[in-house]
Every structure is written in structure tokens, then in C-alpha cells.
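Inside the fold
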Amino acid sequence: MKTLKELQDGKTTSRALTKACLARVEALDSSLHAFLHVDESAPERASQVDKESPLAGLPIAVKDILMVEGMPATCGSKILEGFMPPFTATSVKKLQDAGAVIIGKTNTDEFAMGSSTENSAYGVTHNPWNLDRVPGGSSGGSAAAVAAGIVPAALGTDTGGSIRQPASFCGISGIKPTYGRVSRYGLAAYGSSLDSVGILGRSVDDLIPLFEVMVGKDPLDATTVDAPSITRKLSAESLVGTRIGVPAEYFVKGIQAEVEERVREAIKMLKMLGAEIIPINLPHTEYALPVYYILAPAEASANLARYDGIRYTPREGEKSLEDVYRQTRGKHFGAEVERRIMLGTYALSAGYYDAYYGQAQKVRTLIRRDFEEAFKNVDAIAAPIAPTTAFEIGSHGDDPLAMYLEDIFTLPANLAGVPGLALPVGFDGDNMPIGMQLMGAPFSEENLFAIGRAYQGATDWHKEKPNIG
Ligand code: GLN
């Protein structure tokens, strides 16, 4: 990473860089609204960071769904307004211990439920490429902050696409790690069996140093494991011998023509770099959307039960305990969160459990097996991230189904627990960025990075910057 190298070589200091980040927030954030909290004391903390530490004082931003001690955590919701977490998420703590400086918290759809950041209770974030468009979501604040050059990298979370899709909409790179490779401790749970913490950065090289620090077993998250070594190590210089699968199910009717064209061109480039391109099938792909929108709300309905007016601020109602629950939740949860809680509770209710939740779990296994089969023959799968480029703010306003459809290509990786790397691969006719994802077998992020680096070594899409001051 260029910025990191400059810090390590003493070409700049963490304090100077952190100050520059804050100045850029000051200059741009009134039009972007990428940040929910900015830490004015960051430059002071930066001057205390050890230059010799692996991240050498690198300033980064963190999606406001991860806990950072000393900074408010809202999760984009009014129900947590004023909440100060008494601890720091493991992923963030590891970065801090390695010398990263957190400059602030970025905007998110409420509890990460959404694909546009429009569900934030604190207002939408604007896409730096066109302020009338959404930045994607739910990690839209982090994506916009990186794309606008405010920070060199930012943390996001991906339950059903929330790192890859905003990366695609904002023309940057992003990694959604294998489920269990990065600790979820200190992440406000949405769909616990799907959630993963990852990174957004301009290029693959910007993701790697943070990724290396963040991975590994955490005694505070029983689902984490120490990554076993990957089976085949690929080279970043040449893709000769690398097998890349292209799933027919990801190139369907309804996808924006330019998205398909740019992704196919990117695949051609991988071929020119030596990769073998193999047509494959992931036959259960069409079920990912209904399966996800049963399982994620079901898990969310349980996870969000804790916001009850007793344990967190604020509190409404006083007649009875039920009155407190009803009024606090009724007043402070947004419409999308309420919709998910209702869907989820319904899917889990006696009488419907087997028909919905149980059935969805079985189909999830079929989706996972599709990937297991595919990865017997290929090292990575290349596919579009979203069927369209960033849409206009408000255009999906009262149509939740249209919004859910945006996730069609990102949900399978979460259901299967496999990693996904987002890479910018070009633009549409309106100059809006287009992304491609590379999915890999569990614990093969290093391979995805190698392919991504080879691609970015041969192309310049990741160097394109929006014209925003
Ligand atoms: N858009 C999907 C949802 O609304 C995914 C969100 C996410 O990955 N956090 O659930």
C-alpha cells in the first residue's frame, strides 16, 4: 500500500496524514455524509503511534456497526443514539494494536439492513461519482470515504453483499473474508451465520496489510478458526495454471448490458494474463434470494431482541415492561428493521418454522454444495457483483423487493461462507463504476488477492478517481 509505505519510509507522518484526513472530511463530508462520527483527537493519538508498528499509524475509518471504545456506536439506528460501547471489536482492536488510527465511524443502513445506505436513520450517504446516486450499502459510508480519498482504507461488514456491492458502486476494491476468518466480536449482530467483517480500499494492495492483521482465532468468537494453509498458492505475476470459473447463472436477463460487457472484458483480461476460463454452473443460485431473505431476517429478529429500552438508550413508555418494549422499539426502529423483525419472527413461529426456516436451511446446504463442487475444478469464480450500477437516491424508495433484487449475485457467497473480492472493472455510459467479484473456496483469500493483483497490475480501473475536489 502506497500510503503505508510512505509512513514506513518516513516520507510522511501519521499525524500529518490523520490531519489531512480530517481536513478532507471537513471539505467533503457536507456533500457526501459518509461519516456519523469524526474523532477530532485522532491526530493527537496518531502522534503517539509507534512508527515501527506494522501499520505505522495508518488512518482508517470504521463502519458504525463495529464497536470502538471512546466513540459512539449507533449502527445507523435511533435505538442506539447516545450509546458509548465499553469495549472495542476484535477486528478493530487488532488494527489499533498494529498501529492503525481510527479517524471516525461511517454511515450504514440501520443494523446493516439495506443495499443503498438509505435506511440509515441519520440520512443517506451520497456516491462520490454522482451525488444524486446511492453509494450502495450497507457499508456505503466506508465505500464513499475511500472512493473520495478521505481515508486509504475502511472497515465494512458483509452479510449479503454489503462490502462488495458498495465497493462496486463506488469503483473501489473490497474483501469479504471467509466466514469465521475474522472475528465478529464487537460487531452488532445482524445475521450471525452470515456476517463477516472485511475491508474496503482503492486497490487490492490496500486491503492486504489490514487483512493480514485482522485474521485469526479469537477466544471471544467461537466461530473463528486459525486459517489452515490454502491448498494451491497462486502467483500474482502470471495467471498461467489458474482456473477461473464463470457461472452461467450470474449472466441472466435483466442485468444491465454494460455491467455484463465490462465483467466479460475483465474475464478476457484474466485469460490474457494466462488464466484458463472454464464455464461452470451453480444450479441453486436462483434460490439464494428467497433463502437469504428468510434466514437473515430470522437471525435478525433474534439478534435485535436485545434493543428493548432496558439495556440501551433511549427508553420510552412507563406503564409496564411491555409498554417500554413496545414504545421504545416502535418509536426508534426504522421501517426496514421492523419489516425484517416481522418477517423473521413469522418464519420462526411454531407452525411455520419447518415450512420456512427449516426449508431455507436445507436449500442453503444445496447452495453451499454448488460451491464445493465448483471449487473441485476451479481456483476462483468470476461474476458480476450487482445487476446494475449505482441507482438514483430514492428510486427504490417504497419497493423493498426491488431493493432485495439488487443482492441477487452477492448473497450466495454469504450463504456458502466463502470469500469474495470486489474489483473495479470499468464504467457505464453515465460514468458510474462497475465491479466484478472473485469468489474462492473457504480460506483462499490469498489466491483471490493474487488474481486481483495480477488484474490490477495490467489495468488502471482502480486508479480512476471521482471528480470531487
Ligand atoms: N442488502 C442485504 C440486506 O439488506 C445485505 C446487507 C449486508 O450485507 N449487511 O440484508
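Structure shown above.
To start, this report covers the structure provided alongside it. (Residues numbered from 1 in each chain as written. Predicted model: local features only at pLDDT ≥ 70, side-chain atom pairs only at ≥ 80, totals over all residues. Heavy atoms only, no water.)

The subject of this paragraph is the overall build of the protein. On a plain count of helices and strands, the protein comes out with 15 helices and 11 strands. Taking 2.2 N^0.38 as the reference for a compact globule, 469 residues should give roughly 23 Å; the C-alpha atoms of the protein span a radius of gyration of 21 Å, in line with that estimate. The C-alpha extent of the protein, read off along each of the three principal axes, is 70 × 55 × 45 Å. Taken over 469 residues, the protein has a buried fraction of 61%. Put simply, 76% of the contacts in the protein that link residues at least 6 apart link residues at least 24 apart. Carbon and sulfur atoms form 53% of the exposed surface of the protein, whose accessible area is close to 17,900 Å². If the 45 positive side-chain charges of the protein are averaged to one point and the 57 negative ones to another, these points end up 4 Å apart. (Helix = DSSP H or I, 4+ residues; strand = E, 2+ residues; numbered from the N terminus. Rg over C-alpha atoms; globule rule 2.2 N^0.38 Å. Buried < 20%, exposed > 50% of the residue type's maximum accessible area, 1.4 Å probe, protein only. Contact = heavy atoms within 4.5 Å. Areas by Shrake-Rupley, 256 points an atom, 1.4 Å probe, with all protein chains shown as cover. Lys, Arg positive; Asp, Glu negative; His and termini not counted. Charge placed at Lys NZ, Arg CZ, Asp CG, Glu CD.)

Before going further, it helps to spend a moment on the pairing of strand β11 (residues 433–439). Taking burial as the measure, the seven residues of β11 include seven buried ones, the bulk of the element. Side-chain alternation along β11 places Pro433, Gly435, Gln437 and Met439 on one buried face and Ile434, Met436 and Leu438 on a second face that is also buried. In this structure, strand β9 (residues 380–384) lies alongside β11, joined through four bridges in antiparallel fashion. By the bridge assignment, proline 384 is partnered in β11 with methionine 436. (Pairing = 2+ DSSP bridges.)

In this section: the sheet that holds strand β10 (residues 420–427). Spatial strand order, β1-β3-β2-β4-β6-β5-β10-β11-β9-β7-β8: 11 strands in an open sheet with mixed pairing. Only two strands of the sheet have a single partner each, and these edge strands are β1 (35–38) and β8 (276–280). For this sheet the average axis-to-axis angle between neighbouring strands, irrespective of direction, equals 30°. In this sheet, strand β6 (residues 196–201) lies alongside strand β5 (residues 173–176) in antiparallel orientation, the contact comprising three bridges. Bridging from a neighbouring strand, serine 173 pairs with glycine 201 of β6. Running at roughly 20° to strand β3 (residues 101–106), helix α2 (residues 14–32) makes contact with β1, β2 (59–63) and β3 of the sheet. Most of the contacts of helix α7 (residues 204–214) go to β6, to which it runs at about 150°, and overall it touches β2, β4 (153–158), β5, β6 and β10. (Axes fitted to C-alpha atoms, helices over the stretch in contact; angles between N-to-C directions.)

As a further point, take α2. If you look at α2, its biggest bend is around 40°, right at glutamate 26. The complete set of buried residues in α2 reads Ser14, Leu17, Thr18, Cys21, Leu22, Val25, Leu28, Asp29 and Leu32. Residues of α2 that are buried make contact with α1 (2–8), β1, α3 (42–46), β2, β3 and α5 (140–147). Just downstream of α2 lies histidine 33, where phi reads positive at about 55°. (Bend = angle between axes of the 7 residues up to and from the residue.)

Inspection of the region around the ligand gives 15 residues, with Thr159, Gly160, Ser162, Tyr190 and Tyr292 positioned closest. At a separation of 2.7 Å, an oxygen atom of the ligand approaches a polar side-chain atom of serine 162. With respect to the ligand, the side chain of aspartate 407 contributes an N or O atom lying 2.8 Å from a nitrogen atom. Alone, the ligand offers 290 Å² of accessible surface; in the complex the protein occludes 99% of this. Class assignment for the residues of the shell around the ligand results in five nonpolar, seven polar and three charged. (Near = heavy atom within 4 Å. Polar contact = N/O pair within 3.5 Å; in protein donor to acceptor, adjacent residues only side chain to side chain. Nonpolar A, V, L, I, M, F, W, Y, C, P; charged D, E, K, R; others polar.)

Let us look at helix α9 (residues 288–303). For α9, built from 16 residues, the straight-helix expectation of 22 Å at 1.5 Å per residue is met to within 8% by its first-to-last C-alpha distance of 21 Å. Here α9 lies mainly inside the structure; 14 of its 16 residues are buried. (Expected span 1.5 Å × (residues − 1).)

One pass over the structure, following the stated rule, counts 26 salt bridges. One salt bridge connects arginine 262 with glutamate 261, and the closest N-O pair in it is separated by 3.4 Å. Several salt bridges converge on common partners, so that one network encompasses Lys5, Asp9 and Lys11. (Salt bridge = Lys/Arg side-chain N within 4 Å of Asp/Glu carboxyl O.)

Attention shifts here to the nonpolar core. Soluble, globular proteins show a tendency: their nonpolar side chains are buried together. By size, the foremost hydrophobic cluster in this structure holds 111 residues, and its most contacted members are Phe111, Phe371 and Met436. Of all the elements, α9 adds the most residues to this core, at 10 residues. Excluding residues that lie within four positions of it along the chain, phenylalanine 371 makes contacts with Tyr250, Leu282, Ile381, Pro412, Ala413, Ala416, Val418 and Met439. (Core = buried A, V, L, I, M, F, W, Y, C linked by side-chain atoms within 4.5 Å.)

Buried residues dominate strand β7 (residues 243–247), accounting for four of its five residues. In this sheet, β8 lies alongside β7 in parallel orientation, the contact comprising five bridges. Note on β8: the bridge partner recorded for isoleucine 244 is isoleucine 277. As for the winding sense of the linkage, the β-α-β connection from β7 through helix α8 (residues 257–272) to β8 is right-handed. As paired strands, β7 and β9 are joined by two bridges and run parallel to one another. Residue pairing across strands places glycine 245 opposite isoleucine 381, the latter belonging to β9. (Right-handed = clockwise from strand over helix to strand, strands pointing away.)

This part is about the environment of aspartate 158. Note that aspartate 158 resides in strand β4. Of the residues examined, aspartate 158 reaches a relative accessible area of 0% and is grouped as buried. Linking aspartate 158 and cysteine 75, residues 83 residues apart in sequence, is a C-alpha distance of 14 Å. Contacts of aspartate 158, omitting those with residues within four sequence positions, involve Ile163, Arg164, Lys176, Leu194, Asp195, Ser196 and Asn414.

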